[in-house]
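What follows is each chain in one-letter form.
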Amino acid sequence: MKKTVALILSLIILLSAASCGKEEYFPSYEPYEQSVVAARKFKEEFTQYSGEGTNKRSKLVYPDNFAGLYIGEDHVLYILYTHDKESLMNNVSEKEAVFKQVDYGYNYLENVRAFATYYGMAYSATSCYIDEKENKVAVHIAEENRDALIERLYQTLDGFDENTLSFRPPMIAVAT
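Quantities reported herein were computed from a predicted structural model and do not represent experimental measurements.

Once that is clear, we can look at the nonpolar core. Ranked by internal contacts, the top residues of the largest apolar core, which has 32 residues, are Phe-42, Phe-66, Ile-79, Val-139, Leu-153 and Leu-165. Mapped onto this core, the elements with two or more residues apiece are α3 (30-46), β3 (66-71), β4 (77-81), β5 (97-101), α4 (106-120), β6 (127-131), β7 (136-140) and α5 (146-156). Among the elements that line this core, the one with the most residues is α4, at five residues. Excluding residues within four positions of it along the chain, Val-139 makes contact with Ala-116, Ala-125, Ser-127, Cys-128, Leu-149, Leu-165, Ser-166, Phe-167 and Arg-168.

What follows is the structure, encoded as structure tokens:
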């Protein structure tokens, strides 16, 4: 009897799953794929290397008005800029991406990130990276060391703006 009931329940579940629309269980990734293609087109157009050739050790240089890009949770490509949006629209249209104006250019953020990483080691920073969604440099560092790092960056970087930094708790290594 128990086997018969289990078999009937299994059949009901299978039939109800088969009758449901597949989109309900398997959402379309087409918008995400379109955003990836648009991001590649954009990067091919605007990414340049400083120095000779495309040596992997060469520094990437972006247009001064470019501030980053990311694909949001909504699968839409966001292209960030500081000014002159039109100059960034050579091969990506507003149908393919959302253009969003922000405060800091990517080249500036990369410079701040590089110095924050270098000097952050002396103050036990565990990670530094550009958070493109926030348009800031994320620094994982203990609260008691933050002011010392900020002071060092003011001493080192001309025109440094501490509002470019987003402080987060230190990352903790976990042994596996």
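Let us now look at the side chain of His-140. Structurally, the position occupied by His-140 is in strand β7. There is a polar contact of 2.7 Å between the side chain of His-140 and the backbone oxygen of Pro-169.

Position of Arg-168 among the secondary structure elements: in strand β8 (residues 165-168). In this structure Arg-168 touches Tyr-129, Asp-131, Glu-134, Ala-138, Val-139, His-140, Ile-141 and Arg-146, once residues within four positions along its chain are discounted.

Further remarks concern the sheet that holds β3. Strand pairing in a sheet relies on backbone hydrogen bonds, with the paired strands running either antiparallel or parallel. Strand order in the open sheet made by the three strands is β3-β4-β5, with mixed pairing throughout. Pairing within the sheet leaves two strands with one partner each, and these edge strands are β3 and β5. For this sheet, the mean angle separating the axes of adjacent strands, direction not counted, is 20 degrees. Pairing analysis gives five bridges linking β4 to β5, with the strands arranged parallel. When the sheet's bridge partners are listed, Ile-79 is paired in β5 with Phe-99. Packing against the sheet, α3 makes contact with β3 and β4, and its axis sits at approximately 155 degrees to β3.

Taken as a whole, this structure holds four salt bridges when the rule is applied. For Arg-113, the salt bridge is made with Glu-110, and the minimal N-O distance between the two is 2.5 Å. One end of the pair, Arg-113, and the other, Glu-110, are both in helix α4, three residues apart, so they sit about a helical turn from each other. Judged by relative accessible area, Glu-110 falls into the partly exposed class, the value being 23%. Notably, a salt bridge pairs Glu-134 with Arg-168, separated by 3.0 Å at the nearest N-O pair. Taken together, the residues span a long stretch of sequence, with Glu-134 in the loop between β6 and β7 and Arg-168 in strand β8 at a distance of 34 residues. Exposure remark for Arg-168: the relative accessible area of 16% places this residue in the buried category.

Turning our eyes to something else, we now look at the pairing of β8. Direction of pairing for β7 relative to β8: parallel, over a ladder of four bridges. Among the inter-strand pairings, His-140 is bridged to a residue of β8, identified as Arg-168. Assessed by its sense of winding, the connection that carries the chain from β7 through α5 to β8 is right-handed.

Reading guide: rules and limits
- Residues numbered from 1 in each chain as written.
- Predicted model: local features only at pLDDT ≥ 70, side-chain atom pairs only at ≥ 80, totals over all residues.
- Heavy atoms only, no water.
- Core = buried A, V, L, I, M, F, W, Y, C linked by side-chain atoms within 4.5 Å.
- Buried < 20%, exposed > 50% of the residue type's maximum accessible area, 1.4 Å probe, protein only.
- Helix = DSSP H or I, 4+ residues; strand = E, 2+ residues; numbered from the N terminus.
- Contact = heavy atoms within 4.5 Å.
- Polar contact = N/O pair within 3.5 Å; in protein donor to acceptor, adjacent residues only side chain to side chain.
- Pairing = 2+ DSSP bridges.
- Axes fitted to C-alpha atoms, helices over the stretch in contact; angles between N-to-C directions.
- Salt bridge = Lys/Arg side-chain N within 4 Å of Asp/Glu carboxyl O.
- Right-handed = clockwise from strand over helix to strand, strands pointing away.

Just distances and angles here, no functional claims.
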